[in-house]
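Coordinates in review
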Amino acid sequence: MGMRVKLAAGNWKMNGTRAALAEIDTLVAAHGDAAIEILICPPATLLAPMAERIGTAKIALGGQTCHPQASGAHTGDISAEMLADAGATHVILGHSERRADHGESDDTVRAQARAALAAGLTCIICVGETEAQRDAANTLDIISGQLAGSIPDLSTGESLIVAYEPVWAIGTGRTPTLDQIGEVHDYIRAELERRFGAGVGRSVRLLYGGSVKPGNAAEIFAVSNVDGALVGGASLKASDFGGIIDALQ
Ligand code: PEP
């Protein structure tokens, strides 16, 4: 199995209109030929114009969710094929905001992931405990259940990325200790190796997400089995995201 290429992934959530494309121009100019992988997951409305602005630079695009079906009567939803058609190569699935705001269960996320794989997208599947679950010492059980339930059997080392995002660390400015991050990432690695074998299990990239900033990125990236970050707030400005990219290379 090859070396896992570091990945800096930005989740813009429900932020950004075409005016925000200027941030992409800045990112392309400063990091368009980075040695690590860079991924931006903008609102679906910006995928196609962003793909045009990125041109041949080495910045990938992703969606933030997709529907389990390829097409049909699902008002307001978007399919994996549509994301791919608009320029996406990746999709974030099972983000805690989707799980909370839209009641997405592990079963839903697994069905979405199957659809994404069928459309040729790489899935970034998010798992993470709430504060109450951590306080009750249930973190690893919760992660285990989410991994088992959300990840489809067909996953490969190239088509699957797992993001560990403690719910209480998202958008709060709070982060787990480095030991806590390492404990969960080592656990996820072991679970993937147990289920998929060492070859696949060791090639899946594991991202940490939750209040990553330029100031804390380097220490988090030094933790074992942290192969990059899924970044929310700090991915919106090219200068902040650039600082995180710099910390990865
Ligand atoms: C996220 O929602 O994926 C995230 C990590 O958000 P933030 O970086 O803003 O905490």
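Residues numbered from 1 in each chain as written. Predicted model: local features only at pLDDT ≥ 70, side-chain atom pairs only at ≥ 80, totals over all residues.

**Digging into the overall build of the protein chain**
What counts is decided by this rule: Going along the chain from the N terminus, every DSSP run of H or I of four or more residues is numbered as a helix, and every run of E of two or more is numbered as a strand. C-alpha atoms define the radius of gyration in this analysis, and the globule rule sets the expected value at 2.2 Å times the number of residues to the power 0.38.
The number of helices and strands found in the protein chain is 10 helices and 8 strands. For 249 residues, the compact-globule estimate of 2.2 N^0.38 gives 18 Å, and the C-alpha radius of gyration of the protein chain, at 17 Å, lies within 12% of that figure. Summarising its shape, the C-alpha atoms of the protein chain cover approximately 45 × 45 × 35 Å along the three principal directions.

**Some thoughts on the UniProt feature "binding site: substrate" (unreviewed entry) in the protein chain**
Note the cut-off: UniProt positions are given in the numbering used here, feature names are shortened, and annotations may be inferred rather than shown by experiment. It is the C-beta atoms, placed from the backbone, that decide contacts: two residues are in contact if theirs lie within 7 Å.
Cross-referencing UniProt, the feature "binding site: substrate" (unreviewed entry) maps to Asn11, Trp12, Lys13, Gly171, Ser211, Gly232 and Gly233 in the present numbering. The greatest C-alpha distance among the residues just named is 14.1 Å, despite their covering 223 residues of sequence, which places them together in space. As for its position among the elements, Lys13 is in the loop between β1 (7–11) and α1 (21–31). For Gly171, the position within the fold is in the loop between β6 (160–164) and α8 (178–203). Setting aside its immediate chain neighbours within four residues, Gly171 contacts Gly232 and Gly233.

**Comments concerning the pairing of strand β4 (residues 90–93)**
Threshold: The burial label depends on the number of other C-beta atoms within 10 Å of a residue's C-beta. Counts of 20 or more mean buried, 12 or fewer mean exposed, and intermediate counts mean partly exposed, with C-beta atoms placed from the backbone. The criterion for strand pairing is that DSSP finds at least two bridges linking the strands in question. Orient the strands so they point away from the viewer, and a crossover whose first-strand-to-second-strand path over the helix runs clockwise is right-handed.
Every second residue of β4 is oriented toward a common face, with His90 and Ile92 on one face and Val91 and Leu93 on the other, all of them buried. Bridging between strand β3 (residues 60–63) and β4 involves 2 bridges; their strand directions are parallel. Bridge pairing in β4 links Gly63 to Val91. Between β3 and its parallel partner β4, the chain crosses via helix α3 (residues 80–85), and the hand of that crossover is right-handed. One ladder, built from 4 bridges, connects β4 with strand β5 (residues 122–127); its direction is parallel. Considered in β5, the bridge of His90 is made with Thr122.

**Some thoughts on the packing of α1 against helix α10 (residues 238–248)**
Convention followed: Angular values range over 0 to 180 degrees, each being the angle between N-to-C directions of two axes fitted as lines to C-alpha atoms, with helices fitted over their stretch in contact. Each angle gets one of four labels, with under 35 degrees taken as roughly parallel, over 145 as roughly antiparallel, 65 to 115 as roughly perpendicular, and the rest as oblique. Helix crossings fall into two classes, left-handed where the near helix is turned counterclockwise from the far one by less than a right angle and right-handed where it is turned clockwise. Only Asp, Glu, Lys and Arg are considered charged in this grouping, and only Ala, Val, Leu, Ile, Met, Phe, Trp, Tyr, Cys and Pro are considered nonpolar; every other residue, Gly among them, is considered polar.
Taken N-terminus to C-terminus, the directions of α1 and α10 make an angle of 30°; their axes are 9 Å apart at the nearest point. In this view, α1 runs roughly parallel relative to α10, as classed from their interaxial angle. In this structure, α1 crosses over α10, and the sense of that crossing is right-handed. When α1 is examined against α10, the residues Glu23, Thr26, Leu27, Ala30 and His31 are found in contact with a partner set consisting of Ala238, Phe241, Gly242 and Ile245. When grouped by side-chain class, the residues that make up the contact of α1 with α10 number 5 nonpolar, 3 polar and 1 charged.

**As for the UniProt feature "active site" (unreviewed entry) in the protein chain**
In the UniProt entry, the feature "active site" (unreviewed entry) is given for His95 and Glu165. These annotated residues cover 71 residues of sequence, but their C-alpha atoms sit close together, with the largest distance between any two at 8.3 Å. As for its position among the elements, His95 is in the loop between β4 and α4 (96–101). When residues no more than four places from it in sequence are discounted, the contact partners of His95 are Gln64 and Cys126. Among the structural elements, Glu165 can be located in the loop between β6 and α8. Overall, Glu165 belongs to the buried group, with 26 C-beta atoms counted inside 10 Å.

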